[in-house]
Amino acid sequence: MVRLSRVIPLTRRSLASVALALALFAGSIQVLPHAARAADFESGDIVVTTDSLNLRSDAGTDGTVRQILDRETELEIVQGPRADDGMQWYQVTVVGSGAKGWVAADYISGDDAGAPVEFEDALGVRVTDGPINVRESAGTNGIIKTTLDTGAEVPVYGAGTMFANANGYDWIKVLYGNGIMGWVATDFVEPLSYSPNLGSDDGWGNAVGGAVIDGPVNVRDNPSLDADIVGTLADGRVIQKRNNTDLVSADGHTWMQINSLYSEPHDGWVAIDFLQPLASIPCGDGPCYPEEIVDLISAEQAVVVDGPVNFRADPGLSGEVLLKLDDGDYVFMVKGDGKFTEAIDGYYWVEASVGGEDGYIAVNFLEPVE
């Protein structure tokens, strides 16, 4: 039981405060996010978007979306703020195009808004309380692109360094992974008077491979978002960097050429945004293969040992059944690891032929024939 030491007279203002506190406790009103409460722009101010943002016909989420603005789009404040749907809204004009509409204050920031003085001239930052998340946009809702451990050093985003305030933190834009941009909260880093060597401070400079931490991720035949997808990699998959190759920057990502089980042809490219760098590969110098397929890699024939089993037109349990194979039936394959697929419906599938029919069969029901 809490005992008050003295009685505080209740004024009209304090009564209102008590009523507000009770309402908050009861969950009967919606608390505005930090960025919305802190927003304080005037007509004529120039701001930038801190994330992709809808430009709406009116304040509120019911307003028609006129345009989707890219991150770092410059806007001029026309009027506001106006409260609606639990957020603050400003009417703005898009600098350059002249398009006009309303945006949520949570996702705009003044140029160098709220930048801590010690970071204004920083050329780099060092992590003091890691691991910390590097996010795609400023704010705790931004997609996590990678993590940096205590002691990691990365350069800031060069000329025109951007700062933002969101979700109760000050954010600074940095470069990582050989040139990818991201945001970190200044609470967990300290400023540096020099620019660290890019690509060597977040684990990728000496990485020999990576583990997928944000899968499934596409494997492409070239380092580009327009390149053909030749495979996919699930969370936890360990992949090896192709020997004597460099990271390549393209289409807003940094790409690593890999020795991959799940690409056709054998090697492919993966964006390192979705990987955790590895200084060593658990399975040594060779590719890391799932245990289920190791014995079948070099085999050209296999025999059914747990029939009957379906031989399908496509990998996966939804593939059309072409044949039913019994114990002792043979399937014919090519040598190498290119004949296997990623796990689908809980199985790895191998491309094979039976009696002139081409199709797929789950490897769990086969043993190699030497």
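Residues numbered from 1 in each chain as written. Predicted model: local features only at pLDDT ≥ 70, side-chain atom pairs only at ≥ 80, totals over all residues. Heavy atoms only, no water.

What follows deals with the overall build of the protein. Broken down by element type, the protein carries two helices and 30 strands. Expressed as a percentage of the 370 residues in the protein, the buried residues total 43%. Within the protein, contacts between residues at least 6 apart in sequence are counted, and of these 58% link residues at least 24 apart. For the protein, the exposed area adds up to about 19200 Å²; of that, 48% sits on carbon and sulfur atoms. (Helix = DSSP H or I, 4+ residues; strand = E, 2+ residues; numbered from the N terminus. Buried < 20%, exposed > 50% of the residue type's maximum accessible area, 1.4 Å probe, protein only. Contact = heavy atoms within 4.5 Å. Areas by Shrake-Rupley, 256 points an atom, 1.4 Å probe, with all protein chains shown as cover.)

This model, assessed by the stated rule, comprises three salt bridges. The shortest N-O distance in the salt bridge between R82 and D58 comes to 3.0 Å. Here the residue R82 occupies a position in strand 4 (residues 74-84), and D58 occupies one in the loop between strand 2 (53-56) and strand 3 (65-69), the gap between them amounting to 24 residues. Linked through salt bridges whose partners overlap, the residues forming this network are R126, E153 and E190. (Salt bridge = Lys/Arg side-chain N within 4 Å of Asp/Glu carboxyl O.)

The next point concerns unusual backbone geometry. Cis geometry is found at the peptide bond from G80 to P81, where omega equals 0°. Relative to the helices and strands, P81 is located in strand 4. Residue G307 is joined to P308 through a cis peptide bond whose omega torsion reads 0°. When you line up the elements, P308 lands in the loop between strand 24 (301-304) and strand 25 (309-312). Unlike most non-glycine residues, D85 shows phi in positive territory, near 55°. In this fold, D85 is placed in the loop between strand 4 and strand 5 (87-94).

Ordered by their spatial adjacency, three strands build an open sheet running 11-8-15, and the pairing between neighbours is antiparallel. Across the chains shown, the open sheet's two edge strands, defined by having one partner strand only, are strand 11 (153-155) and strand 15 (189-192). Ignoring strand direction, the axes of neighbouring strands in this sheet form an average angle of 30°. (Pairing = 2+ DSSP bridges. Axes fitted to C-alpha atoms, helices over the stretch in contact; angles between N-to-C directions.)

Scanning the entire structure with this criterion turns up four aromatic pairs. Ring plane angle 40° and centroid distance 6.0 Å describe the contact between Y169 and F188, whose orientation is recorded as tilted. You can see Y169 sitting in strand 13 (residues 169-176) and its partner F188 sitting in the loop between strand 14 (180-185) and strand 15, a full 19 residues away along the chain. Overall, the relative accessible area of 26% leaves F188 in the partly exposed class. Here Y347 and F365 contribute two aromatic rings whose centre-to-centre distance is 6.0 Å and whose plane-to-plane angle is 35°, an arrangement assigned as tilted. In this pair, Y347 sits in the loop between strand 27 (330-332) and strand 28 (349-354) while F365 sits in the loop between strand 29 (357-362) and strand 30 (366-369), placing the two residues 18 residues apart along the sequence. Residue class for F365 comes out buried when judged on its relative accessible area of 17%. Ring pairs connect the aromatic residues Y169, W171 and F188, which therefore count as one cluster. (Phe/Tyr/Trp six-rings, centres within 6.5 Å; stacked < 30°, edge-to-face > 60°.)

Let us look at the nonpolar core. Counting 29 residues, the largest nonpolar core has V125, I172, L233, M256, V270 and L275 as its most contacted members. The set of elements that each furnish at least two residues to this core consists of strand 8 (124-127), strand 9 (132-135), strand 13, strand 14, strand 17 (217-220) and strand 21 (253-259). Among the elements that make up this core, the one with the highest residue count is strand 13 (three residues). Ignoring any residue separated from it by four or fewer positions in sequence, one finds L275 in contact with W204, A211, V212, I213, I239, M256 and V270. With 23 residues, the next largest nonpolar core counts L296, W349, A362 and F365 among its residues. (Core = buried A, V, L, I, M, F, W, Y, C linked by side-chain atoms within 4.5 Å.)

Note on placement: K145 falls in strand 10 (residues 144-148). Residue contacts for K145: discarding those within four places in its chain leaves V134, R135, E136, Y176, D273 and F274.

A word on the environment of D62. Counting through the fold element by element, D62 comes out in the loop between strand 2 and strand 3. Taking C-alpha positions, D62 is 9.6 Å from D84, a pair spaced 22 residues apart along the chain.

Attention now goes to the confidence of the model for the protein. Residues shown with low pLDDT carry predicted positions that ought not to be read at fine detail. The share of residues in the protein with pLDDT of 70 or more is 79%, and the mean pLDDT across the chain is 77. Across residues 1-39, confidence stays below pLDDT 50; counting only partners more than four residues off in sequence or on other chains, it has 27 contacts. (pLDDT = per-residue confidence, 0-100.)

A word on a negative patch on the surface. On the surface, E291, E292, D295, E367 and E370 cluster together into a patch of negative charge. By the secondary structure assignment, E370 is in the segment after strand 30. For E370, a relative accessible area of 86% puts it in the exposed group. (Patch = residues over 30% accessible without salt bridge, like charges linked within 9 Å, V, L, I, M, F, W, Y side chains within 5 Å. Lys, Arg positive; Asp, Glu negative; His and termini not counted. Charge placed at Lys NZ, Arg CZ, Asp CG, Glu CD.)

The subject of this paragraph is the environment of D306. The topology assignment puts D306 in the loop between strand 24 and strand 25. Considered as a pair, D306 and D327 are 21 residues apart in the sequence and their alpha carbons are 6.0 Å apart.

Examined against the element boundaries, T61 turns out to sit in the loop between strand 2 and strand 3. Residue T61 is classed as partly exposed on the basis of its relative accessible area of 40%. Setting aside residues no more than four positions away along its own chain, T61 makes contact with R56, D85, M87 and W89.

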